[in-house]
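Residues per chain are reported as follows:
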Amino acid sequence: MGQDELLNQVAELETGREAQLAFKTTVRTGKWLKSQIAITRKYKKRECITALREYIFGAAQDKVFILYGLRRTGKTTMIRQILAELPDSEFKKASFIQVKSRDTLADVDHDIRLLEENGYKYVFIDEVTLLEDFIEGAAIFSDIYASSGMKIVLSGTDTLGFAFSKEEQLYDRCILLHTTFIPYREFETVLGIKGIDEYIRYGGTMSLGGINYNTDATFANSKTAEEYIDTAIAKNIQHSLKMYQYGGHFRQLLDLYERGELTNVINRVVENINHRFTRSVVEKTFKSHDLSVTAANMLRDRENPINIKEHMDLDAVTFGIMQMLDILNKEEQSVDIEDAHMIQIKEYLTLLDLVEEIDLEYLPEVNQKGKVTVITQPGMRYAQAGAIVENLLLDAKFQELSAMERQRILNRLLSEIRGRMMEDIILLETKMAKPDKKVFKLQFAVGEFDMVVYDQKSLTCQIYEVKYSKEQAPEQYRHIKNEEKCSMVRHRYGDITGRYVIYRGDRANVDEVQYLNVEEYLKEL
């Protein structure tokens, strides 16, 4: 008998053994598990898989590994990829449990015990927080199974559920890996999609029809973005609160939940964050000075000059914008969104890694402080911002312009939004990549530095301007070359060791200022 034939017989015997095990949940092993992971072999891997690899291939420990994050951020794919890395001798000891809402912790406990008795070493449990009693009983995974040498990986979209269980049952017996934040570098290397504009439009999930991955873009338009907010975020929060301490953690949100309003309110809070961002961009563009610059540029256009001011009352348009951007419309909602609701929901959005606050500092008013709220999934923000801007052009005043003129104004506004989003992306990714530095935006009485990176140990700093442009021009770096501003910065933050403009063009050195390409900068972080 040949070796291949012998291996096939052994495999058939193992398959028969697996089929005879009386599992209470959906458990995949052997050839069924191999077929389930086959498609992911061609996918490129996220960088954070390193932490999971170290756990699976490292020494046994009495901890479970928790892989969690919002939907479509690569959790299940990562599990399948790590399973594919197991050598055949170890793969025979691996199992995958897909939890359904009807399953109980006792069912899962029964199946893991059965797997352990039959020599299985690796147990991956997906959507484990669907178990009603998971948070209260999560310690069994570490105390009973991990402590006896099994490698237990728990995964799911219920971020708050894992956060609560870490505080309660698994506080010192788990390793956490959060997948929600997907930086530009991974967007390009894993998905195979290049360009900051593509990241702005679609970044935030692993669902984009690119070179290396499949499926449709999650944030293709405002409708799909809102569906994602409903299913991946609002229901995520509600499920965790319902399961935790018999709903005792709802606090201020209990009344909204009982009235069936909570999903709508959470959606509105996310929209409100994005709409406030859009409002600030649109208002800045339409303020008298900025709009005058815009109007002058369009009027000077040699091919198609437009005199915007002839067609619209700028004050009326600005007032209309203010009204259209006010999403907290009392007529559309039976329950008011109070400040307490906003604060608590924003707290949960931060735990979900969806929202990150960037410091805003002021000079010379050093006691004044502020925050820039960044959405870590840029495609979501751009989809909602784009929908707002397109709706603006339905205003009666805009309709007086020709279709071509309206399109040019739309393009201008969307360009401004992409520019502001590029600033936020750079601030966010720099802050995430440099936890030992203080990263913030600096506002002066006139003008600002788009980013300051302050090293509190060496008392030095680097100052940056961010420009959504491919061209170089002296006005781009006038603030970071202004001696009065730089003198104030040196006094408060120490020596300035570098002046930079991050833009979409090629690297260059101009007048002692280094121009950095945005994609290269983000990939090198």
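The structure we're discussing is the one just above.
Values in this document were obtained by computation on a predicted structure and should not be read as measured data.

1. Quick word on empty space enclosed by the protein
- As enumerated under the stated definition, the model contains six cavities of 30 Å³ or more in all.
- The volume enclosed by the largest cavity comes to roughly 60 Å³.
- Together, V374, I375, P378, R381, M421, D424 and I425 line the largest cavity.
- Put simply, the parts of the chain that give the lining of the largest cavity at least two residues each are β8 (369-375), α19 (378-392) and α21 (403-433).
- With three residues, α21 is the single largest residue contributor to the lining of the largest cavity.
- When grouped by side-chain class, the residues that make up the lining of the largest cavity number five nonpolar, no polar and two charged.

2. Some points on the pairing of strand β11 (residues 460-466)
- Across the seven residues of β11, six count as buried, placing the element largely inside the fold.
- Here strand β10 (residues 448-455) folds back onto β11, and the loop between the two strands holds four residues, one of which, L459, carries a positive phi near 55 degrees.
- As judged from the seven bridges shared by β11 and strand β12 (residues 495-503), these two strands associate in the parallel manner. Note on β12: the bridge partner recorded for T460 is D495.
- Handedness of the crossover joining β11 and β12 through helix α22 (residues 483-493) is recorded here as right-handed.

3. A look at the sheet that holds strand β1 (residues 26-28)
- Spatially, β1-β3-β4-β5-β2-β6 is the arrangement adopted by the six strands of the open sheet, whose pairing is mixed. Of all strands in the sheet, those bounded by a partner on one side alone are β1 and β6 (174-178). For this sheet, the mean inter-axis angle between neighbouring strands, taken without regard to orientation, is 20 degrees.
- Here three bridges tie β1 to strand β3 (residues 94-98), and the two strands are oriented antiparallel to one another. Following the sheet pairing, R28 is matched in β3 by F96.
- Strands in contact with helix α2 (residues 30-37) are β1 and β3; relative to β3, the strand with the most contacts, it is inclined by about 70 degrees.
- In the packing of helix α3 (residues 49-57) onto the sheet, the strands contacted are β2 (64-68), β4 (122-126), β5 (151-156) and β6, and the crossing angle to β5 comes to about 150 degrees.

4. Some points on α3
- Along α3, the positions that sit buried rather than exposed are I49, L52, Y55 and I56. Each buried residue of α3 sits inside an arc of 120 degrees when the element is viewed along its axis, so together they form one side.
- Buried-residue contacts for α3 involve β2, α4 (75-85), β4, β5 and β6.

5. Considerations on the pattern of salt bridges
- One pass over the structure, following the stated rule, counts 33 salt bridges.
- K45 serves as the salt-bridge partner of E85, at 3.9 Å between the closest nitrogen and oxygen. Taken together, the residues E85 in helix α4 and K45 in the loop between α2 and α3 connect sequence positions 40 residues apart.
- The salt bridge involving E85 is made with R53; its shortest N-O contact spans 2.8 Å. Separated by 32 residues along the polypeptide, E85 in helix α4 and R53 in helix α3 bring together distant segments of the chain.
- By relative accessible area, E85 is classed as partly exposed at 27%.
- A single salt-bridge network, built from bridges that share partners, covers E423, K441, E448 and D450.

6. Some words on the nonpolar core
- Grouped together as the largest cluster of nonpolar side chains are 62 residues, with contacts concentrated most on I125, F141, L154, I233 and L349.
- Per-element tally for this core: the top contributor is helix α12 (residues 222-243), with nine residues.
- If we skip the residues at most four places from it in the chain, L154 touches V64, F65, I66, L67, I125, V128, F134, F141 and F162.
- With 49 residues, the next largest nonpolar core counts V190, Y382, L392 and L427 among its residues.

7. Let's talk about the environment of Q443
- With respect to the secondary-structure elements, Q443 resides in strand β9 (residues 438-443).
- Linking Q443 and E365, residues 78 residues apart in sequence, is a C-alpha distance of 9.4 Å.
- Excluding anything up to four places from it in sequence, Q443 contacts L360, E361, Y362, L363 and E448.
- At 3.1 Å, the side chain of Q443 forms a polar contact with the backbone oxygen of G447.

8. With respect to the sheet that holds β11
- Here eight strands make up an open sheet; going across it, the order is β8-β7-β9-β10-β11-β12-β14-β13 and the pairing mixed. Two strands lie at the open edges of the sheet, namely β8 and β13 (508-510), each paired on one side alone. Going across the sheet, the axis of each strand differs from the next one's by a mean of 35 degrees, ignoring polarity.

Calculation notes
- Residues numbered from 1 in each chain as written.
- Predicted model: local features only at pLDDT ≥ 70, side-chain atom pairs only at ≥ 80, totals over all residues.
- Heavy atoms only, no water.
- 1 Å grid on protein atoms, 1.4 Å probe; cavity = no way out; pocket = protein on both sides within 12 Å on 5 of 7 lines; lining within 4 Å.
- Points joined across faces, edges and corners; volume = space filled by probe spheres on them.
- Helix = DSSP H or I, 4+ residues; strand = E, 2+ residues; numbered from the N terminus.
- Nonpolar A, V, L, I, M, F, W, Y, C, P; charged D, E, K, R; others polar.
- Buried < 20%, exposed > 50% of the residue type's maximum accessible area, 1.4 Å probe, protein only.
- Pairing = 2+ DSSP bridges.
- Right-handed = clockwise from strand over helix to strand, strands pointing away.
- Axes fitted to C-alpha atoms, helices over the stretch in contact; angles between N-to-C directions.
- Contact = heavy atoms within 4.5 Å.
- Arc of directions from axis to C-beta.
- Salt bridge = Lys/Arg side-chain N within 4 Å of Asp/Glu carboxyl O.
- Core = buried A, V, L, I, M, F, W, Y, C linked by side-chain atoms within 4.5 Å.
- Polar contact = N/O pair within 3.5 Å; in protein donor to acceptor, adjacent residues only side chain to side chain.

Treat this as a map of the structure, not an account of what it does.
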